[in-house]
Amino acid sequence: MQTVVTGERPCWRCRVDTAGALVCPGCEAPQPLASDADLFRVLGLPRSLVIDAADLERRYHAASRAVHPDRHQMADAHAGALAVGASAAVNRAYRTLRDPIARARYWLDLHDVRLGDDNNRVPPALAALVFETQEKLEELRGANGDAALRQEIEAVHADLASRIAGFETDLETQVVTWERDGVSAAPATLADLKRRLSEISYLRSLLDDVDAAVGA
Amino acid sequence: MSQVVGIDLGTTNSLVAVLGDDGPRVLPDPATGARLLPSAVAFLPDGQVVVGRQARELAGAQPFDTVLSVKRFMGLGVEHVTDDDRRRYRFAEREGALRLVVQGREVTPPEVSAHVLRELKRWAEAALGDAVTRAVITVPAYFNDSQRQATRDAGRLAGLDVLRLVNEPTAASLAYGLERGDEGIVAVYDLGGGTFDVSILKLRGGIFEVLATGGDTRLGGDDFDARLADLLRRELPAEIREHPQVRAQMLAFAERAKWSLSEGEQAEVALALPNGGEVRRTVTRAQFEALIAPLVDRTGVVCRQALKDAGLKASDVLQVVAVGGSTRVPLVRGQMQAVFGRPPLVDLNPDEVVALGAGIQAGILTGGQRDMLLLDVVPLSLGIETMGAVFTRLIDRNTTIPAAARETFTTAVDDQTSVDVHVLQGERELASDNRSLARFTIPVEPQPAGVPRLEVTFLIDANGILSVTAADLRTGQARSVEVKPSYGLTDEEMERMLEESIDFAEEDVRQRQVREARVDADTILNATRVQLAKHGTLLEPGEGQRIQEAVTALQVARDGEDYVRIRDAYDVLSQTTEPFARRIMDSSLMSAVEGRPLEDL
């Protein structure tokens, strides 16, 4: 285990203090990622569930301009390799943090809460809906091109999509409250968040099934 | 340092461009001024290789030994070759990278492609007056890892350091963005000779962010030609229908008919048959459209999926950019309009826009275009084969590159000495339904099963090409990784081909010298003929005879392959005609003097 370096982080090339930046403020060389850098830190954000989408995009673009391999094409091989690694981290950070669900999952990860295997089990609150939808899909696969059935499935599709949107909005308001109350890491909060994430990801995969059936 | 060029290595045509002070420009053939180089390579019986327009014309005479669209075969294995491909070319029945058989010799697609790249390199060097050693080469966005590696190998074989592979639709968006400066969502619909791509991008503040991409690497204008040619061939007598020469001629006719059907409502087709007969018929646009409609519909399905992957609706799209020669077909334009709800933008030349974009990317890489940055994605999911021959995804399609994924591996039996990782690319559930990229072998120290812990990192770089590294998690030490590409060239094969390509380059230089000597010979032969006709009266007794002998000697040398002999015969003619030329000069001076009043002298 490496101890967290406090104080100076000198640039590997010009020895200027980089203060943990992605590229050296002196010579623009990409820096190795700090061992304690999480995806929030990569884009210069605190570990918060609440993120402003426009601000996130601005940070992502600025970080990309700094570390993308295109910007270090003419540098030496070491700088080039660091640029690829840093750029991959920046891309992963943006991909994870811009989606509220992926962000919340990652945030739980950081708090050592795993969604684990029970994530694949049907959340009790959704059991009836899941059962009904699967049955309809089964019917649709059996009966080729039944217009009435197809319409029904399309209605289910719309219902699922709006439920997911509702869950997501709900989640976002919840996390704002949690952040404000400063109880973000309280066990009850974590359990609640975990349950909600399970439900959303279950709905998302159900929606994918419906999509596949309708598209076929 | 010399300039970095941008190359559009197309299925039917290729171009080279460069970023100048006033924007990107295409560099033409120094001899003819042509901007498009047909991506055709003809292998002659005497070992010579002809590239471009001349090669295309040889397709009728020697169809099996003239490769018209090698791009279709890049990064494939013999099991991916279709029946139709087998009717047009010969292949070696071997595992690994595909090999075409031309003039009884095996060549890999990267070697064939390298001939096209060498010719473009020559064009660029002539236009820039400097050696060209570095290039950005475009590839279809939907190219997988093997196809990208094969393209990079082709560049290396042509003596080019390939700084970056850029996706064709993305390159087009750079040219479009530089030209128009729009901000918002842009869809690029790129239908070339052999490949189809669609990319949905977000343009903002100089950042070109690809949100989703989709495509089909075996769908293009060539398929339109093939369908039309098949229709025409079916009407021929059975005994000549399958004749390879008839096939090749029919394809050429079909292509011309397609062009004229983009403008007019019907096209005339006339074909001289090998048995001396002739076939004439008319094809209407409606007939042509009925043939290609299923293909065009397929592009629509891909576009809708790309929009869905980007999380967008058609109405979110600000502009649709048409790229590739096949977007000139009215039915294709109609499809774009149907999918995106607006007519495509066609003010940039669809044949040149990708090359111009590649030139811009070359400028971005060398610091000449600092305000623009391209963020592209991986077109197909990347993963590994896991227990039960299942495909486990590690990096999803449409993930922005560079992208990395880590996975921990251990051993299944005691004292296992290596761990094998099978990497695949695709979207299917079963490993065998996806495209195998490579097998990686990582050595481990013999230990009880489950004890070793290997962390394997999969890294996709900005070219969309995968590399794999491994580390022992318990010691933190890096482990070597042995790569066995499924359809690519091994390092040893590359090494051997590079050596051969150097030999070839020497042969290439010789051929160029022959060509240049011939051009000079033709110039002096022509001038001599003109001057003899004009100023024959100035010849001294016996001089005409001597000049005629030198002319004949040069004509004979000119038709041979020995450039030294051509140069020598050139010098003889030049010396022989020198007194005659001086007399012509004097006499024209005299006549100029004679005509003028004295005081002017």
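Once a new chain begins, its residue numbering starts again from 1 and follows that chain's sequence as written. Just so you know, chain letters begin at A and ligand numbers begin at 1, following the order they were written in. Thresholds applied to this predicted model are a pLDDT of at least 70 for local features of residues and 80 or more for the giving and counting of side-chain atom pairs; totals over whole chains, interfaces and linings are not thresholded and use all residues.

Novice: Even after reading the chapter, I still don't get the overall build of chain A, so can you show me in this structure?
Specialist: Within chain A, the regular secondary structure consists of seven helices and zero strands. Numbering of helices and strands runs from the N terminus, with a helix taken as a DSSP run of H or I at least four residues long and a strand as a DSSP run of E at least two residues long. Ordered by position from N to C terminus, the α and β elements of chain A give α-α-α-α-α-α-α. Evaluated residue by residue, chain A yields a buried proportion of 25% over its 216 residues. Contact between residues is assigned whenever the C-beta positions, reconstructed from backbone atoms, fall within 7 Å. Nonlocal contacts in chain A, meaning residues at least 24 apart in sequence, comprise 59% of its contacts between residues at least 6 apart. Counting other C-beta atoms within 10 Å of a residue's own tells you its class, since 20 or more makes it buried, 12 or fewer makes it exposed, and anything in between is partly exposed; those C-beta atoms are placed from the backbone.

Novice: What am I meant to see in the overall build of chain B here?
Specialist: Looking only at helices and strands, chain B has 14 helices and 27 strands in total. Each principal axis of the C-alpha atoms in chain B carries an extent, and together these give about 105 × 60 × 60 Å. Residues classed as buried in chain B amount to 45% of the 601 residues present. A separation threshold of at least 6 residues defines the contact pool for chain B, and within that pool the share at least 24 residues apart is 68%.

Novice: For this particular structure, what's the right way to read the interface of chain B and chain A?
Specialist: A common way to express how large an interface is: the accessible area buried when the components associate. Each side of the interface is counted separately: chain B has 18 residues, and chain A has 13 residues. Of all the secondary structure elements, the ones that give two or more residues to the side of chain B that touches chain A are α11 (353–365), β18 (373–375) and β21 (403–409) of chain B. Considering each element in turn, the side of chain B that touches chain A owes the most residues, three residues, to β18(B).

Novice: Teacher, can you tell me more about the domain arrangement of chain B here?
Specialist: All names here are of chain B. Domain borders in the structure are assigned automatically or taken from a domain database. Split into domains, chain B comes out as domain 1 (4–220 + 291–375), domain 2 (221–290), domain 3 (382–489) and domain 4 (493–594). Here the C-alpha centroids of domain 1 and domain 4 sit 40 Å apart. Counting residues at the interface gives seven residues for domain 1 and six residues for domain 4. For the side of domain 1 that touches domain 4, the secondary structure elements donating two or more residues are α3 (109–128) and α4 (145–157). Note on residue classes: Ala, Val, Leu, Ile, Met, Phe, Trp, Tyr, Cys and Pro are nonpolar, Asp, Glu, Lys and Arg are charged, and everything else, Gly too, is polar. For the side of domain 1 that touches domain 4, the class distribution of residues is two nonpolar, one polar and four charged.

Novice: It is not clear to me how the pairing of strand β11 (residues 161–167) of chain B should be interpreted in this structure. Could you clarify?
Specialist: On a regular strand, each side chain points to the face opposite its neighbour's, so the side chains alternate between the two faces of the sheet. β11(B) sits mainly inside the fold: five of its seven residues count as buried. When the strands point away from the viewer and the path from the first strand over the helix to the second turns clockwise, the crossover is right-handed. Between the parallel pair strand β10 (residues 134–139) of chain B and β11(B), the chain is carried across by α4(B), and the sense of this crossover is right-handed.

Novice: Help me understand the sheet that holds strand β14 (residues 207–216) of chain B, please; the structure alone is not making it clear to me.
Specialist: Across a sheet, strands are paired by hydrogen bonds formed along the backbone, either parallel or antiparallel in direction. All names here are of chain B. Strands are treated as partners if at least two bridges between them are detected by DSSP. Sheet architecture is open: five strands sit in the order β17-β12-β13-β14-β18, paired in mixed fashion. Every interior strand has two partners, whereas the edge strands, β17 (319–323) and β18, have only one. Adjacent strand axes in the sheet meet at a mean angle of 25°, parallel and antiparallel pairs treated alike. Taken together, the eight bridges between strand β12 (residues 184–191) and strand β13 (residues 196–204) define a ladder with antiparallel strand orientation. Among the inter-strand pairings, Val 188 is bridged to a residue of β13, identified as Ser 199. Geometry is summarised by axes, namely lines fitted to C-alpha atoms with helices restricted to the contacting stretch, and by angles between N-to-C directions that run from 0 to 180 degrees.

Novice: Honestly, the environment of B:Leu454 in this entry has me stumped. Any pointers?
Specialist: Residues and elements named next belong to chain B. Here Leu 454 lies in strand β24 (residues 454–460). On the neighbour-count criterion, Leu 454 (20 C-beta atoms within 10 Å) is buried. Taking the C-alpha atoms as reference points, Leu 454 and Ile 240, 214 residues apart in sequence, are found 62 Å from one another. In contact with Leu 454, not counting residues within four places along its chain, are Thr 408, Phe 409, Val 419, Ile 442, Val 444, Ala 470, Asp 472, Leu 473 and Arg 479.

Novice: Sorry, what's going on with the pairing of strand β23 (residues 435–443) of chain B here?
Specialist: All names here are of chain B. With eight bridges joining them, strand β22 (residues 418–425) and β23 adopt antiparallel strand pairing. From the neighbouring strand, Leu 424 faces β23, where its bridge partner is Ser 436. In this sheet, strand β27 (residues 482–485) lies alongside β23 in antiparallel orientation, the contact comprising four bridges. The residue bridging Phe 440 from the neighbouring strand is Val 483, located in β27.

Novice: For this particular structure, what's the right way to read the confidence of the model for chain A?
Specialist: Caution applies to low-pLDDT regions: their predicted coordinates should not be interpreted in detail. Residues with a pLDDT of 70 or more make up 88% of chain A, whose mean pLDDT is 81. The quantity known as pLDDT measures the predictor's confidence residue by residue, on a range of 0 to 100. In the model, residues 1–6 of chain A has pLDDT below 50 throughout and makes two contacts with residues more than four positions away in sequence or in other chains.

Novice: Would you take a moment to explain helix α4 (residues 100–110) of chain A for this structure?
Specialist: At 3.6 residues per turn, the α-helix brings residues three or four places apart onto the same side. Considered for burial, the residues of α4(A) that qualify are A:Pro100, A:Arg103, A:Ala104, A:Arg105, A:Tyr106 and A:Trp107. Immediately downstream of α4(A), the backbone of A:Asp112 shows phi near 60°, a positive value.

Novice: Looking at this structure, I do not really get the sheet that holds β24(B). What am I missing?
Specialist: All names here are of chain B. Spatially, the four strands line up as an open sheet ordered β21-β24-β25-β26, and their pairing is antiparallel. Each of the sheet's edge strands pairs with one partner strand only, and the pair in question is β21 and β26 (478–479). In this sheet, β26 lies alongside strand β25 (residues 466–472) in antiparallel orientation, the contact comprising two bridges. Residue Ala 471 lies in a different strand from β26, and its bridge partner there is Ala 478.

Novice: Would you mind showing me how to read the confidence of the model for chain B here?
Specialist: Residue and element names in this part refer to chain B. Scored by pLDDT, chain B comes out at a mean of 88, with 96% of its residues at no less than 70. In this model residues 595–601 is a low-confidence stretch, pLDDT under 50, and it forms two contacts with partners more than four residues away in sequence or in other chains. Here the complex is predicted with pTM 0.82, and the ipTM for its interfaces comes to 0.84.

Novice: Just to check I follow, could you spell out the environment of A:Asp38 for this structure?
Specialist: Residue and element names in this part refer to chain A. The residue Asp 38 is located in the segment before α1 (39–42) in this model. Separated by 69 residues in the primary sequence, Asp 38 and Trp 107 have C-alpha atoms spaced 9.9 Å apart. When neighbours within four sequence positions are excluded, Asp 38 is seen to be in contact with Arg 47 and Leu 110.

Novice: Looking at this model, I keep getting lost on helix α5 (residues 168–180) of chain B. Mind explaining?
Specialist: Residues and elements named next belong to chain B. Expected helix span is taken as 1.5 Å per residue step, with the number of steps being one fewer than the number of residues. In a regular helix each residue adds 1.5 Å, so 13 residues correspond to 18 Å; α5 covers 18 Å between its end C-alpha atoms and thus fits that length. The buried fraction of α5 amounts to 10 of the 13 residues, a majority that puts the element mostly inside the structure. Three or more residues of α5 are buried, namely Glu 168, Pro 169, Thr 170, Ala 171, Ala 172, Ser 173, Leu 174, Ala 175, Tyr 176 and Gly 177. Downstream of α5 by one or two residues, Gly 181 has phi in the positive range, about 65°.

Novice: Help me understand the nonpolar core in this model?
Specialist: As a rule of thumb, nonpolar side chains are buried together in soluble globular proteins. By our criterion, buried Ala, Val, Leu, Ile, Met, Phe, Trp, Tyr and Cys residues that link up through C-beta atoms within 7 Å make up a nonpolar core. Formed by 183 residues in total, the largest nonpolar core has its most connected members in B:Val5, B:Ile7, B:Val16, B:Ala17, B:Val41, B:Val136 and B:Tyr189. The element that contributes the greatest number of residues to this core is helix α3 (residues 77–98) of chain A, accounting for 11 residues. What B:Ala17 contacts, discounting residues up to four positions off in sequence, is B:Val5, B:Gly6, B:Pro24, B:Arg25, B:Val26, B:Leu27, B:Ala355, B:Leu356, B:Ala358 and B:Gly359. By size, the runner-up hydrophobic cluster in this structure holds 11 residues, among which are B:Ala521, B:Leu554, B:Ala557 and B:Ala569.

Novice: Where do I start with the packing of helix α6 (residues 221–234) of chain B against helix α8 (residues 244–263) of chain B in this structure?
Specialist: Each pair of packed helices can be described by the angle between their axes along with the distance between the axes. All names here are of chain B. Relative orientation of the contacting elements α6 and α8 amounts to 115°, with a least axis distance of 8 Å. Note on packing geometry: the crossing formed by α6 with α8 is right-handed. Along the contact surface, α6 presents Phe 224, Asp 225, Ala 226, Leu 228, Ala 229, Leu 232 and Arg 233, while α8 presents Met 250, Leu 251, Ala 254, Glu 255, Ala 257 and Lys 258. The residue inventory of the contact of α6 with α8, partitioned by class, reads nine nonpolar, no polar and four charged. Less than a right angle of anticlockwise turn of the near helix away from the far helix marks a crossing as left-handed, whereas a clockwise turn marks it as right-handed.

Novice: Mind showing me how you'd approach unusual backbone geometry here?
Specialist: Most peptide bonds are trans, and most residues other than glycine sit at a negative phi. Note the cis peptide between B:Ile401 and B:Pro402, where omega equals -5°. Here B:Pro402 lies in the loop between β20 (390–395) and β21. Unlike most non-glycine residues, A:Glu28 shows phi in positive territory, near 65°. With respect to the helices, strands and loops of the structure, A:Glu28 is situated in the segment before α1. Taking the number of C-beta atoms within 10 Å as the measure of exposure, A:Glu28 has 16 and is therefore partly exposed. The phi torsion at B:Asn398 lies on the positive side, around 70°, for a residue other than glycine. Residue placement: B:Asn398 occurs in the loop between β20 and β21. The exposure class of B:Asn398 is buried, given the 20 C-beta atoms found within 10 Å.

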